[in-house]
Amino acid sequence: MTAPEAGGAERHAIVIGAGVAGLLAARVLAEFCTRVTILERDTAEPGVVRRGVGQGAHLHGLLDRGRSIIEDLYPGCTDDLVAAGAHTAEVLVGTRWYIGGSRLAATATDLTSVIATRPLLESVLRRRTLELPNVTLREGITVRGLTGDGERVTGVRVTTHRDSRQDGDHGAASDTPAIDDGVRRSGSTDAADDGAGEGEPRSAGGADSADTEIVGADLVVDASGRGSRICEWLRVIGATAPVEERLEVDLGYASRLYRHRDGLLGGHASVIISTGADGRGGGAVHVEGDRWLVTLAGMMGDHPPTDPAGFHAYAATLSAPDIHEIVTAAEPLGDAVPYRFRSSVRRRFDREPEVPAALVVLGDAQCAFNPLYAQGMTVAALQAAVLRECLRIGLPFAELPARFYAAAAEAADTAWQLAAASDLRHPAVAGRRGLRTRLTNAYVAQTYRAAHHDSLVARTFMRVAHLVETPAALAGPALVGRIMLRGNGAAATMSAHH
Ligand SMILES: Cc1cc2nc3c(=O)[nH]c(=O)nc-3n(C[C@H](O)[C@H](O)[C@H](O)COP(=O)(O)OP(=O)(O)OC[C@H]3O[C@@H](n4cnc5c(N)ncnc54)[C@H](O)[C@@H]3O)c2cc1C
């Protein structure tokens with residue numbers, strides 16, 4: 001990495017949130033700013049499920065596109081993860097991947113799965129980011145609002161916690177409080193966070209009170225996750241909040257850790273059972289510490305229970321038996337923990353004619369995806385790559401946001417469309433199903449069937465799902481014939497069996 005030139009003007013960037021998006025943004029900004037300060041509300045030790053990242057107890061797959069961007073930003077990062085206990089696997093060879101009850105062809109995809117808990121992924125990224133000499137992390141700091149006006153953001157207003165370090169549990173799931181949409185509502189050490197629309201600070205020049213402080217910056221990046229208050233903060237300074245697109249999926253997760261045992265799953269590192277027509281699915285992955293992390297998921301209110309009997313019974317209803325076999329045979333380590341995710345949300349900053357200068361919103365704060373498709377961290381990585389490109393061409397911070405939002409929207413479009421199209425296959429998900437969506441979904445169903453038997457279709461489908469190739473790759477002349485032919489043939493075979 002090239003450090004900013006010595007003797008250049010001081011450029012200070014603030015990043016709100018030390019989640020995956022915040023860390024990647026800080027890594028990029030360190031190339032172009034003299035100082036980067038990450039402000040993080042949590043004070044937990046790295047490597048644990050933090051209160052601010054309740055989703056950390058649940059299965060987190062990193063798509064290959066995200067992995068390669070991260071590898072570019074932090075050379076050797078995949079090796080670091082493996083050294084810390086993660087496993088890697090060829091996506092369709094090391095993982096049993098089921099769609100509609102049948103396994104996809106076990107073929108080479110040239111895609112690598114990194115199999116680890118979210119806290120491990122984050123702790124490696126955090127360590128690598130904080131090794132950069134011009135990056136500082138301030139923990140126990142809650143951002144309460146922005147300073148500046150509708151034209152330009154000049155910093156943030158923060159409060160400092162006086163409490164000691166939080167108790168984090170050192171497993172990926174046990175004792176984590178139920179978190180709804182990632183926004184703290186109860187049992188929080190900082191209940192005031194739910195209060196919206198705080199007033200303006202009394203002064204912009206220093207400490208307001210014993211607890212409140214203004215931190216000035218040349219650029220502010222909001223990476224505070226899906227619970228971000230950015231829309232309220234913008235209104236308070238007189239700026240316009242962006243329009244939000246929402247797709248309600250009312251998804252429930254329940255996850256539980258088990259002791260790993262050789263022999264289960266035929267030596268494979270993981271299994272994914274994609275959500276079927278009933279909206280139920282799940283995954284089991286062999287994570288660090290020789291454990292299975294098992295996640296069950298259900299859409300539109302059909303959520304998996306967390307009591308042991310209910311968890312087992314739900315696993316037994318999935319369209320393939322592998323996960324039920326694991327939860328039946330393996331020793332549980334702690335209780336199952338829930339997570340509820342109501343809707344995918346996209347804040348359309350790219351559609352706003354005027355956005356304040358010197359403020360960039362990224363990660364889940366901009367665009368929070370249905371987690372079933374494992375796109376969130378990869379979209380955060382794509383946005384970090386876009387930010388880097390904008391800064392590389394020398395855009396001043398005043399012009400940066402508009403250009404960033406336009407390019408970031410393009411980067412997120414494919415992921416959003418793939419996820420939304422798939423969600424709309426569930427009959428209870430409300431949304432417009434025009435002719436194009438219906439035709440696309442019919443073709444996708446045909447693709448799934450062909451991918452059970454045809455290695456090239458399976459490989460291309462996975463490369464599209466990992467955002468390495470565009471969906472157009474599935475519509476090329478070589479593929480269309482195979483998908484129509486083999487998809488139909490497979491459909492006939494499947495219906496002959498049922
Ligand atoms: C159940 C579930 C499963 C998921 N599975 C996957 C998956 O398989 N693959 C994948 O790629 N993605 C997955 N995701 C999405 C993924 O977790 C996020 O997209 C990704 O981590 C990027 O999030 P982020 O960094 O923007 O926000 P977060 O990870 O939510 O981090 C936000 C950070 O900001 C801090 N913060 C919040 N407010 C403030 C404040 N006011 N002041 C200071 N700090 C603050 C928080 O403490 C936190 O550290 C899943 C999400 C959920 C909900």
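Scoring rules and cut-offs
Residues numbered from 1 in each chain as written. Predicted model: local features only at pLDDT ≥ 70, side-chain atom pairs only at ≥ 80, totals over all residues. Heavy atoms only, no water. Helix = DSSP H or I, 4+ residues; strand = E, 2+ residues; numbered from the N terminus. Buried < 20%, exposed > 50% of the residue type's maximum accessible area, 1.4 Å probe, protein only. Contact = heavy atoms within 4.5 Å. Areas by Shrake-Rupley, 256 points an atom, 1.4 Å probe, with all protein chains shown as cover. Salt bridge = Lys/Arg side-chain N within 4 Å of Asp/Glu carboxyl O. Pairing = 2+ DSSP bridges. Axes fitted to C-alpha atoms, helices over the stretch in contact; angles between N-to-C directions. Expected span 1.5 Å × (residues − 1). Near = heavy atom within 4 Å. Polar contact = N/O pair within 3.5 Å; in protein donor to acceptor, adjacent residues only side chain to side chain. Nonpolar A, V, L, I, M, F, W, Y, C, P; charged D, E, K, R; others polar. Core = buried A, V, L, I, M, F, W, Y, C linked by side-chain atoms within 4.5 Å. Phe/Tyr/Trp six-rings, centres within 6.5 Å; stacked < 30°, edge-to-face > 60°. Lys NZ or Arg CZ within 6 Å of the ring centre and 35° of its normal.

- Labelled according to an unreviewed UniProt entry, the protein chain appears under the name FAD-dependent oxidoreductase, originating from Nocardia terrae.

### Points about the overall build of the protein chain
At step 1: Across its full length, the protein chain holds 13 helices and 19 strands.
At step 2: In the protein chain, buried positions account for 55% of the 498 residues.
At step 3: Considering only contacts within the protein chain whose residues lie at least 6 apart along the sequence, 75% involve residues at least 24 apart.
At step 4: Entry remark: accessible area of the protein chain is about 20,000 Å², with carbon and sulfur atoms responsible for 52%.

### Thoughts on the pattern of salt bridges
At step 1: Throughout the structure, instances matching the rule amount to 30 salt bridges.
At step 2: With a shortest N-O distance of 2.6 Å, R280 and D302 are connected by a salt bridge. One end of the pair, R280, is in strand β15 (residues 280-287); the other, D302, is in the loop between β16 (291-298) and α7 (308-316), and 22 residues separate them in sequence.
At step 3: On the accessibility criterion, R280 (18% relative accessible area) is buried.
At step 4: Judged by its relative accessible area of 24%, D302 falls in the partly exposed class.
At step 5: The partner of R463 in a salt bridge is E469, with the nearest N and O atoms 2.7 Å apart.
At step 6: For E469, a relative accessible area of 29% corresponds to the partly exposed category.
At step 7: Put simply, E40, D42, R50, R118 and E122 are held in one network by salt bridges that share partners.

### Points about the sheet that holds strand β7 (residues 135-139)
At step 1: Across the sheet, five strands lie side by side as β7-β2-β1-β12-β18; this open sheet has parallel pairing. Each having just a single partner strand, β7 and β18 (359-361) make up the two edges of the open sheet. Within this sheet the neighbouring strands show an average axis-to-axis angle of 20°, counted without direction.
At step 2: Pairing between strand β2 (residues 35-40) and β7: five bridges, direction parallel. Note on β7: the bridge partner recorded for I38 is L137.

### With respect to helix α5 (residues 118-130)
At step 1: Between its first and last C-alpha, α5 extends 18 Å over 13 residues, near the 18 Å set by a 1.5 Å rise per residue.
At step 2: Within α5, 11 of the 13 residues are buried, leaving the element largely enclosed by the surrounding structure.
At step 3: Residues of α5 that are buried include every one of R118, P119, L120, L121, E122, S123, V124, L125, R126, R128 and T129, and no others.

### Some details on the site of the ligand
At step 1: Surrounding the ligand, one finds 32 residues, the nearest of these being E40, G61, R118, D364 and M377.
At step 2: V20 is positioned such that a nitrogen or oxygen atom in its backbone is 3.3 Å from an oxygen atom of the ligand.
At step 3: Relative to its unbound accessible surface of 1,000 Å², the ligand loses 96% to contact with the protein.
At step 4: Broken down by secondary-structure element, the contributors of at least two residues to the shell around the ligand are α1 (20-29), β2, β8 (141-148) and α9 (376-392).
At step 5: Considering each element in turn, the shell around the ligand owes the most residues, three residues, to β8.
At step 6: Taken together, the residues that form the shell around the ligand break down as 14 nonpolar, 12 polar and six charged.

### Let's talk about the nonpolar core
At step 1: Counting residues in hydrophobic clusters, the biggest one holds 84 residues, and the most contacted among them are L29, L146 and V156.
At step 2: Per-element accounting of this core gives the leading share, 10 residues, to α9.
At step 3: The contacts of L29, once residues within four sequence positions are left out, are A13, V15, V36, L219, V221, L387 and L391.
At step 4: Formed by 21 residues, the second largest nonpolar core is a distinct cluster that contains L264, W292, L318 and I323.

### A look at the packing of aromatic side chains
By convention here, two paired aromatic rings are described through the distance between centres and the angle between planes.
At step 1: A complete count under the given rule lists four aromatic pairs for this structure.
At step 2: Between F369 and W416, the aromatic rings sit 5.9 Å apart at their centres with planes inclined by 65°, giving edge-to-face as the arrangement. Of this pair, F369 sits in the loop between β19 (367-368) and α9 while W416 is found in helix α10 (residues 400-423), placing the two residues 47 residues apart along the sequence. For the residue pair F369 and W416, the accessibility class agrees, reading buried in each case.
At step 3: Ring centres 5.6 Å apart and planes at 65° place the aromatic pair F404 and Y405 in the edge-to-face group.
At step 4: Members of the aromatic cluster, connected to one another through ring pairs, are F349, F404 and Y405.
At step 5: Sitting over the ring of F397, R11 keeps its end group 4.2 Å from the ring centre.

### Here we look at the sheet that holds strand β9 (residues 153-160)
At step 1: Ordered by their spatial adjacency, three strands build an open sheet running β8-β9-β11, and the pairing between neighbours is antiparallel. Each of the sheet's edge strands pairs with one partner strand only, and the pair in question is β8 and β11 (212-216). The average angle at which neighbouring strand axes cross in this sheet is 30°, direction not considered.
At step 2: Where β8 lies against β9, seven bridges are found, and the strand directions are antiparallel. Opposite I141, over in β9, you have T160 as the bridge partner.

### Section: the environment of G17
At step 1: Examined against the element boundaries, G17 turns out to sit in the loop between β1 (12-16) and α1.
At step 2: Separated by 35 residues in sequence, G17 and G52 have C-alpha atoms that sit 9.1 Å apart.
At step 3: Excluding residues within four positions of it along the chain, G17 makes contact with G22, I38, L39, E40 and A223.

### Structural notes on the side chain of E352
At step 1: Relative to the assigned elements, E352 resides in the loop between β17 (337-347) and β18.
At step 2: Those residues in contact with E352 that lie beyond four places of it in its chain are T240, A241, P242 and V243.

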